[in-house]
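# Coordinate inspection notes
This is what each chain is made of:
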Amino acid sequence: METGFAPSPERTLEDLLAHARALVGVELGELADGLGLPVPAGLVRTKGWSGQVIEQELGVSSSGARGPDFASLGVELKTVPVDARLVPLESTAVCQIDPVAIAAEAWEGSYAREKLARVLFIALEVPPGARSVGERRVAAVRLWSPDAEQERALRADFELFVRGFFRRGRAEEITGHLGAVLQVRPKGKNAADTRDGYDARGNPTRVGKHGFYLRPSFVAAILSGP
DNA sequence: ACTTGATCATTT
DNA sequence: AAATGATCAAGT
């Protein structure tokens, strides 16, 4: 795949957007070939692969580093699998939660808000009956920042979780049913994967790892925009 | 059919 | 171990 763009990192937001938009219509398999990356055979060991191909193509050097993918641009990159109507097939992970730190955070100043301040969504259409992640195709590109209404909704959910649960040592009582646009769901190696937190009496304990996720309906609205 | 809770893969 | 990237699959 030759997109005519120079290697990473992207120097300006315009460069990054132009590069991303040039990928619309391209299959991930082609993209991977152009990058010299192997395309996984079948559907095992593919989790995360789509995001990593897009990262490499767009020049995210250090995946795994904390903070925005394009630090100098303040842009977070997210890929999301969608159907032919651009409706997400999955929720979108935002970040992991530090139960101790978040108890002292306000929405303003929170890591979650920083992550969501400016997001480059790359929608990847999954063909029905696809036999490989290489068959996914870049379907849409959206640079998004929350508008006033979305910001209110995000903040309301964030405060529900922080004030109602984390700050009261009730993290383990959170379920995926809570939150209108933002969810808190498990985000660990497995159910036994824990980290430091507090119990309801304020004593140190271990709590299951959780992360913030955007509901598919919320991302659907973002993708349906311009 | 959809969501929630559980889990997988890679990198530092 | 802990962050990143996510998707799987059982339960509803």
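Residues numbered from 1 in each chain as written. Chains lettered and ligands numbered in written order. Predicted model: local features only at pLDDT ≥ 70, side-chain atom pairs only at ≥ 80, totals over all residues. Heavy atoms only, no water.

Residue placement: Glu151 occurs in helix H6 (residues 148–164). Overall, the relative accessible area of 13% leaves Glu151 in the buried class. At 2.8 Å, the side chain of Glu151 forms a polar contact with the side chain of Trp107. Among all residues touching Glu151, those that are not within four sequence positions of it are Trp107, Arg113 and Pro146. (Helix = DSSP H or I, 4+ residues; strand = E, 2+ residues; numbered from the N terminus. Buried < 20%, exposed > 50% of the residue type's maximum accessible area, 1.4 Å probe, protein only. Polar contact = N/O pair within 3.5 Å; in protein donor to acceptor, adjacent residues only side chain to side chain. Contact = heavy atoms within 4.5 Å.)

In this section: the pattern of salt bridges. Within this structure, the stated rule accounts for 11 salt bridges. Overlapping salt bridges bring together Glu76, Lys78 and Lys115 as one network. (Salt bridge = Lys/Arg side-chain N within 4 Å of Asp/Glu carboxyl O.)

What the largest pocket holds in volume is close to 1,500 Å³. Around the largest pocket, the lining comprises 40 residues; the ones closest to its centre are Lys47, Gly48, Thr79, Ala93 and Lys187. Elements represented by at least two residues in the lining of the largest pocket include exactly helix H3 (49–58), strand E1 (76–82), strand E2 (92–96) and helix H5 (111–116). Broken down by element, the lining of the largest pocket gets its largest block of residues, six residues, from E1. (1 Å grid on protein atoms, 1.4 Å probe; cavity = no way out; pocket = protein on both sides within 12 Å on 5 of 7 lines; lining within 4 Å. Points joined across faces, edges and corners; volume = space filled by probe spheres on them.)

What follows covers the packing of helix H2 (residues 28–35) against H3. Relative orientation of the contacting elements H2 and H3 amounts to 50 degrees, with a least axis distance of 10 Å. On the basis of the axis angle, H2 is oblique to H3. With respect to the hand of their crossing, H2 and H3 are arranged in left-handed fashion. Two secondary-structure elements touch here, H2 through Leu28, Leu31, Ala32 and Leu35 and H3 through Trp49, Ser50, Val53, Ile54, Gln56 and Glu57. Here the contact of H2 with H3 is composed, by residue class, of seven nonpolar, two polar and one charged. (Axes fitted to C-alpha atoms, helices over the stretch in contact; angles between N-to-C directions. Parallel < 35°, antiparallel > 145°, perpendicular 65-115°, else oblique. Left-handed = near helix turned anticlockwise from the far one by under 90°. Nonpolar A, V, L, I, M, F, W, Y, C, P; charged D, E, K, R; others polar.)

With that settled, the discussion passes to the protein's contact with DNA strand C. Neighbouring DNA strand C are 24 residues; Glu76, Thr79, Tyr111, Arg136 and Arg195 lie closest to it. A share of 62% of the atoms of DNA strand C within 4 Å of the protein falls on sugar and phosphate groups. A distance of 2.5 Å separates a phosphate oxygen of DNA strand C from a polar atom in the side chain of Thr79. Measuring from a base oxygen of DNA strand C, one finds a side-chain N or O atom of Lys187 at 3.0 Å. Contributions of two or more residues to the surface near DNA strand C are made by H3, E1, E2 and H5. Per-element tally for the surface near DNA strand C: the top contributor is E1, with four residues. Looking at the surface near DNA strand C residue by residue, the classes come out as five nonpolar, seven polar and 12 charged. (Near = heavy atom within 4 Å.)

Our focus in this paragraph is the nonpolar core. Nonpolar side chains in soluble globular proteins tend to be buried together. Judged by nonpolar contacts, the single largest core of 33 residues is most densely connected at Leu116, Phe121, Leu154, Leu182, Phe212 and Leu214. Those residues within four positions of Phe212 in sequence are excluded, and the remaining contacts are Thr92, Ala93, Val94, Cys95, Ile97, Ile102, Ala112, Phe158, Phe161, Leu182, Gln183 and Val184. If you look at the next biggest cluster of nonpolar residues, it comprises 24 residues, including Leu13, Leu31, Leu124 and Val138. (Core = buried A, V, L, I, M, F, W, Y, C linked by side-chain atoms within 4.5 Å.)

Attention now moves to the sheet that holds strand E8 (residues 210–214). The strand order across the open sheet built from three strands is E2-E8-E5, with neighbouring strands paired in antiparallel fashion. Each edge of the open sheet is held by one strand with a lone partner, namely E2 and strand E5 (182–186). Strand-to-strand twist across the sheet, computed as the mean angle between neighbouring axes with direction ignored, equals 35 degrees. Across four bridges, the pairing between E2 and E8 is antiparallel. Its bridge partner lying in E8, Ala93 is registered against Tyr213. H6 rests against E5 and E8 of the sheet, and its axis sits at about 40 degrees to E5. (Pairing = 2+ DSSP bridges.)

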